[in-house]
Amino acid sequence: METWIDSMASSFDTPLAALTASEIVIFPSIPQPGDIERCAATLDDLHGEPAVAFWKAECRLLADELARCGLREEKIRERVLSFQAAVQAALVERHQLRALSESRARQGRSRRRL
């Protein structure tokens, strides 16, 4: 009797030609941290309409990529909202780090005056 482990092991014996002849779709389950940080850095530098246009284009790009992978609209919306939340959190972190750095710099200047 073949177990599920035997079945999985035998699936690795598939000839390479069979694997290369089929179409493989890389599924973007979540945006990569590099994408999140890239968007946060760009949005940190942009303001007004350029920021809005960039953000809409990035979210549309992600939604289109997920749609090409066959996700339903509900799941696409969920993933885009998750991406938006991650970028927002990265922006908040960037602002907090900048504020902390500026505060430390001010403290250093005032200590030198004493």
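Quick caveat, the model's predicted, so the values are computed rather than measured.

**Points about the packing of aromatic side chains**
And then number 1: By the definition in use, this model includes 1 aromatic pair.
And then number 2: Between Trp55 and Phe83, the ring centres sit 5.6 Å apart and the planes meet at 20°, which makes this aromatic pair stacked. One end of the pair, Trp55, is in helix H4 (residues 48-68); the other, Phe83, is in helix H5 (residues 73-113), with 28 residues separating them in the sequence. For the pair shown, Trp55 and Phe83 are each scored as buried.

**Digging into the pattern of salt bridges**
One side chain can pair with another of opposite charge once the charged atoms of both are near each other.
And then number 1: One pass over the structure, following the stated rule, counts 7 salt bridges.
And then number 2: For Arg98, the salt bridge identified is with Asp44, shortest N-O distance 2.3 Å. Highlighted residues: Arg98 in helix H5 and Asp44 in helix H3 (residues 33-45), separated in sequence by 54 residues.
And then number 3: Note on Arg98: relative accessible area 36%, which makes it partly exposed.
And then number 4: Judged by its relative accessible area of 12%, Asp44 is buried.
And then number 5: Residue Glu78 is joined to Lys75 by a salt bridge in which the shortest nitrogen-to-oxygen separation is 3.7 Å. Of this pair, Glu78 and Lys75 both sit in helix H5, 3 residues apart, which is roughly one turn of the helix.
And then number 6: Its relative accessible area of 42% is what places Glu78 among the partly exposed residues.
And then number 7: Each of Glu37, Asp44, Arg94 and Arg98 takes part in one network of salt bridges that share partners.

About the thresholds
Residues numbered from 1 in each chain as written. Predicted model: local features only at pLDDT ≥ 70, side-chain atom pairs only at ≥ 80, totals over all residues. Heavy atoms only, no water. Phe/Tyr/Trp six-rings, centres within 6.5 Å; stacked < 30°, edge-to-face > 60°. Helix = DSSP H or I, 4+ residues; strand = E, 2+ residues; numbered from the N terminus. Buried < 20%, exposed > 50% of the residue type's maximum accessible area, 1.4 Å probe, protein only. Salt bridge = Lys/Arg side-chain N within 4 Å of Asp/Glu carboxyl O.

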